[in-house]
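# Survey of secondary and tertiary structure
Residue strings, one per chain:
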Amino acid sequence: MELGRKVKLMQGNQAIVEGAFYAGARFYAGYPITPSSEIAEESAKRMPLLGGIYMQMEDEIASMAAIIGASLAGAKSFTATSGPGFSLMQENLGLAVMGEVPCVVINVQRSGPSTGLATKPAQSDVMQIRWGRHGDQSVIALCPASVSECFTLTVTAFNFAEKFRVPVILASDEVVGHMRENITIPSPGELAVAERKKPTGEPAAYKPFIADEDGVAPLASYGSDYVFHVSSSMHGPDGYSNNNPANAAWRVAQLHKKIEMHREEIIITKTFDTEDADILFIAFGATTRASRAAALELRKQGIRAGVLQLMTIWPFADKKIASLGERAKTVVVPEMNYSGQVAGEVQRILGAGADIRKVNSYNGEIITPQDILKAIL
Amino acid sequence: MSHATGLQYLKKGVLPHMWCSGCGVGVMLGALVRSFEELGYERKDTVVVTGIGCTGKTDDYLVTNALHTTHGRALAYATGIKAFNPKLHVVVLMGDGDSVTIGGNHFLHAARRNMDLTAIIINNFNFGMTGGQFSGTTPADAITQTSIYGNAERQLDISALAELAGANYVARGTPYHVWELKTNIKEALSKKGFSVVEIYSPCPTHFGKNNKMKEATAMLQWLKESGLPVEKYNSLEKSARKGFFAVGKLVDREEPDFNTRYEEIRRRAMNLKV
Ligand SMILES: Cc1ncc(C[n+]2csc(CCOP(=O)(O)OP(=O)(O)O)c2C)c(N)n1
Ligand code: SF4
């Protein structure tokens, strides 16, 4: 075993906390909710020992606000929640987009609507994650399918947040959150850890919303020599209110463009036996495992099946799906929601004529390989 | 001695300000920047967090650090800033809608946690920005745009709530008592723990107009006549207090603030760790 590396048996939720600490997170604010509470508990236990702060806020509205405040004071900050709490976070999540404030929001998805089946898994927030806030905005969202991906994608989530000055949503689900697996925690330095760009020029000339060539503006921390304003209202390059239409158009477009510009880097997918696949499974989170099992079963029967796993769900992997989908005769999208939220996106890309089979579960039960096979055979 | 002007904290070229003539928000801003100057605050160490409303527009006039937040949530944002960097002076400016109507929950818990923040609240008894609807501090029977027959609900007392919820410092002021106001703001800023300065404030445009105090001076007149120094107010029989309110420092105590307590607990945790 290499120095610093550790193999540990742990739960997905715990691996998220490990990933957050690995990435340098030192501020957590949250309000406990099943099935995410282990993230709060583990953070509460470890933060004081790491020199960080754990805050249990009065609700998720406050939790989202507090992680934004802490981030502007220089922290890598995060919160964790599920269904009802994620709904409450939306307005302030929009401020993180508007003010370009790096932070990470973990949504361990559970079965709805409303309080729903509070302890059961779902993948029904895909569209809420994308469109849940007022005002048109782009977000980044990642979906782990295993305990070790809970770790690595949490590190990635922090990296994207810091690099692109955006909130990043890590959307796991109850199954992934509570499953236990052995994972290898990389030694420090093994995985890249990104830090936000800080301003370097003359402090008096600092404009917190003038982007560099990479589409992202440097971000100071409150208390440094770079004094700055951040606003939920439409603002100019200096962060002060600005009602000029040309300015507003520039700001809104910039918020979308900086993500658009880095699509290739942001969209992470994995493929399993897709080169010659006639049947292509498109899966994310917990349904990835069942899809892989189903694909292997089909291969045994001589049917060429493969799996595309979406580790990034937003922005959506349009190009990858277009190229793999073109070859496949049938595309199968298993997901734990009624509407086929991801299937709809796949249809948008492959067109109305494509043979797309939806496999949906919306009763709090997971999708099994048998459920998937039934849809095809 | 020359008086502080606080001009170095104000953005050049943005005056005249947006507030109506006779509004109390500008007076608060003046008292605030003078307090900054007298306390020797550096712009870079100061963060002004605002909510949404006429009061919430104050950050546009300041050259300190600022965060203009969402309606009612300013205290929760400020909590995150202060908890992570306790060295910063974090000042939160809100209306009565922001602080105790939509944001009541955050107000209660910021006070209970004793966050080392200074909350300055313009209580103009209605939602100014949205055109004068009733808020949690609108007096019963008062006329507003959404209570044209009189307000069916009762009035919340912000200062009493702050005291009960655990604030270390509470004062009430008015734009009429402007020097006392500055003294109270300075005391609040200097106080460790949660401090609240509630400012009974004229909104001639809406609350005044609807309640027979349309002239900019009418509400000031009312504040002058009804606001009594705390000692005088307290010396009155309960029955004689009706129609008056106390102006000045109401609460002053020394309970440890959140960050102090968190560091205590951190030390305990470190000692437990093997
Ligand atoms: C979530 C939300 N609800 C409603 C509003 C509309 N709104 C803007 S300001 C305001 C009330 C402002 O009243 P107050 O906080 O007392 O401040 P004032 O304008 O009187 O200074 C309201 C209701 C909003 N911006 N956000
Ligand atoms: S509407 Fe009322 S609170 Fe707003 S600026 Fe005018 S007087 Fe002040």
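Residues numbered from 1 in each chain as written. Chains lettered and ligands numbered in written order. Predicted model: local features only at pLDDT ≥ 70, side-chain atom pairs only at ≥ 80, totals over all residues. Heavy atoms only, no water.

### Brief notes about the overall build of chain B
This is how the line gets drawn: Only DSSP runs of H or I reaching four residues or more are called helices, and only runs of E reaching two or more are called strands; each is numbered from the N terminus. For each residue, the accessible area found with a 1.4 Å probe, counting protein chains only, is set against the maximum for its type, and the residue is called buried under 20%, exposed over 50%, and partly exposed in between. The contact criterion used throughout is that any non-hydrogen atoms of two residues lie within 4.5 Å. Accessible surface area values rest on a Shrake-Rupley calculation with a 1.4 Å probe, where residue burial reflects the displayed protein chains alone.
Looking only at helices and strands, chain B has 10 helices and 8 strands in total. Expressed along its principal axes, the backbone C-alpha trace of chain B runs to roughly 70 × 45 × 40 Å. Scored against the burial criterion, the 274 residues of chain B give a buried share of 57%. Put simply, 68% of the contacts in chain B that link residues at least 6 apart link residues at least 24 apart. Here chain B displays about 11900 Å² of accessible surface, and carbon together with sulfur accounts for 55% of that area.

### Here we look at the nonpolar core
Defined as follows: Among buried residues, the Ala, Val, Leu, Ile, Met, Phe, Trp, Tyr and Cys ones that are joined through side-chain atoms within 4.5 Å form a nonpolar core.
Among the nonpolar cores identified, the biggest contains 153 residues, and A:Phe27, A:Phe78, A:Phe281, A:Leu310, B:Phe107 and B:Phe194 are the most heavily contacted of them. The element that contributes the greatest number of residues to this core is helix H6 (residues 147-164) of chain A, accounting for 10 residues. Ignoring anything within four residues of it in the chain, the contact list for A:Phe281 reads A:Ser291, A:Ala294, A:Ala295, A:Leu298, A:Ala305, A:Gly306, A:Val307, A:Leu308, A:Val332, A:Ile372 and A:Ile376. Grouped together as the second largest cluster of nonpolar side chains are 28 residues, B:Ala31, B:Val33, B:Phe36 and B:Ile120 included.

### Focus: the site of ligand 1
Convention followed: Any residue with a non-hydrogen atom lying within 4 Å of a molecule or strand is treated as near it. The definition of a polar contact used here is a pair of N or O atoms within 3.5 Å, where within protein one atom must be able to donate a hydrogen and the other to accept one, and adjacent residues in sequence count solely through side-chain atom pairs. Residues were grouped as follows: Ala, Val, Leu, Ile, Met, Phe, Trp, Tyr, Cys and Pro as nonpolar; Asp, Glu, Lys and Arg as charged; and all remaining residues, including Gly, as polar.
As a matter of local geometry, ligand 1 sits amid 17 residues, with B:Cys54, B:Thr55, B:Gly97, B:Asp98 and B:Gly128 nearest to it. Each of chains A and B places residues next to ligand 1. Backbone polar atom of B:Asp96 to an oxygen atom of ligand 1: 3.2 Å apart, as the coordinates give it. About the coverage of ligand 1: the protein hides 77% of its 590 Å² of free accessible area. If you tally residues by element for the shell around ligand 1, the top one is helix H3 (residues 96-102) of chain B, at 4 residues. A breakdown of the residues in the shell around ligand 1 according to their chemical character gives 5 nonpolar, 9 polar and 3 charged.

### Describing the side chain of B:His68
Among the secondary structure elements, B:His68 is positioned in strand E2 (residues 65-68). Its relative accessible area of 3% is what places B:His68 among the buried residues. Here the side chain of B:His68 touches B:Thr50 through a polar contact of 2.9 Å, side chain to side chain. Apart from the residues lying within four places of it in its own chain, the contact partners of B:His68 are A:Leu95, A:Val230, A:Ser231, A:Ser232, A:Ser233, B:Thr50, B:Gly51, B:Ile52, B:Gly56 and B:Asp59.

### Observations concerning the pattern of salt bridges
Residue and element names in this part refer to chain B. Defined as follows: By convention in these notes, a salt bridge is any Lys or Arg side-chain nitrogen within 4 Å of a carboxyl oxygen on Asp or Glu.
This model, assessed by the stated rule, comprises 38 salt bridges over all chains. Between Glu 38 and Lys 186 there is a salt bridge whose closest N-O contact spans 2.6 Å. Placement of the pair is Glu 38 in helix H1 (residues 25-39) and Lys 186 in helix H6 (residues 178-190), with a sequence separation of 148 residues. Taking the relative accessible area as the measure of exposure, Lys 186 reaches 25% and is therefore partly exposed. The residue Asp 157 makes a salt bridge to Arg 172 at a minimum N-O spacing of 3.3 Å.

### Here we look at unusual backbone geometry
All names here are of chain A. The linkage connecting Thr 34 with the following residue, Pro 35, adopts the cis geometry, with an omega of 0°. Look at the link from Trp 314 to Pro 315: it is a cis peptide, with omega at -5°. In this structure, Glu 100 takes a positive phi of about 55° despite not being glycine. Here Glu 100 shows up in the loop between helix H4 (83-98) and strand E5 (103-111). The class of Glu 100 is buried, set by a relative accessible area of 2%. For Asp 273, which is not glycine, the phi torsion reads 55° and is therefore positive. A relative accessible area of 38% means that Asp 273 is categorised as partly exposed.

### Section: the interface of chain A and chain B
Heads up, the condition is: Buried area, as used here, totals the accessible surface that two parts lose on assembly, with accessibility defined by a 1.4 Å probe and the loss added over both. The rule for pairing is simple: two strands pair if DSSP sees at least two bridges between them.
The interface of chain A with chain B comprises 43 residues on the first partner and 40 residues on the second. Summing both partners gives a buried area of about 3300 Å² for chain A against chain B, and 59% of it is carried by carbon and sulfur. At the boundary of chain A with chain B, the tally comes to 2 salt bridges. Linking chain A with chain B are 22 residue pairs in polar contact (both at pLDDT 80 or more). Of all elements in the fold, only strand E3 (53-56), helix H3 (60-72), H4 and strand E10 (229-231) of chain A reach the threshold of two or more residues within the side of chain A that touches chain B. At 8 residues, H3(A) tops the list of elements feeding residues into the side of chain A that touches chain B. Both E10(A) and E2(B) contribute to a ladder of 3 bridges, which runs parallel.

### Examining the site of ligand 2
Every residue near ligand 2 is listed here: B:Trp19, B:Cys20, B:Cys23, B:Cys54, B:Asn124, B:Gly128, B:Cys203, B:Pro204, B:Thr205 and B:His206. The class makeup of the residues in the shell around ligand 2 is 6 nonpolar, 4 polar and no charged.

### A short note on the pairing of strand E4 (residues 118-123) of chain B
All names here are of chain B. With 6 of 6 residues buried, E4 lies mostly within the body of the structure. Burial along E4 is two-sided: Thr 118, Ile 120 and Ile 122 facing one way and Ala 119, Ile 121 and Asn 123 facing the other are all buried. As defined by bridge partners, strand E3 (residues 89-95) adjoins E4 across 5 bridges and the pair is classed as parallel. Pairing of Val 92 across the sheet is with Ala 119, part of E4. Examined bridge by bridge, E4 and strand E6 (residues 195-200) share 6 bridges and lie parallel to one another. Of the residues in E6, the one forming a bridge with Ile 122 is Ile 199.

### A closer look at the packing of aromatic side chains
Note the following rule: Pairing of aromatic side chains requires ring centres within 6.5 Å, counting the rings of Phe and Tyr and the six-membered ring of Trp. Pairs whose planes differ by under 30 degrees are stacked, by over 60 edge-to-face, and all others tilted. The rule for a charge over a ring is simple: NZ of Lys or CZ of Arg within 6 Å of the ring centre, and within 35 degrees of the ring normal.
Here the structure, examined in full by the defined rule, presents 21 aromatic pairs over all chains. Consider the rings of A:Tyr22 and A:Phe151, whose centres lie 5.4 Å apart with planes at 65°: the pair is edge-to-face. Of this pair, A:Tyr22 sits in helix H1 (residues 12-23) while A:Phe151 is found in helix H6, placing the two residues 129 residues apart along the sequence. Each member of the pair A:Tyr22 and A:Phe151 is classed as buried. Consider the rings of B:Trp19 and B:Tyr61, whose centres lie 4.8 Å apart with planes at 45°: the pair is tilted. With B:Trp19 in the segment before H1 and B:Tyr61 in the loop between strand E1 (46-50) and E2, this pair connects stretches of sequence that are 42 residues apart. B:Tyr61 carries the same exposure label as B:Trp19, and that label is buried. Through successive ring pairs, a cluster of aromatic residues spans B:Phe125, B:Tyr200, B:Phe207, B:Trp222 and B:Phe245. A:Arg130 extends its terminal NZ or CZ atom over the ring of A:Trp131, reaching a point 3.8 Å from the ring centre. Above the face of the A:Phe272 ring, A:Arg292 is positioned so that its terminal group lies 3.7 Å from the ring centre.

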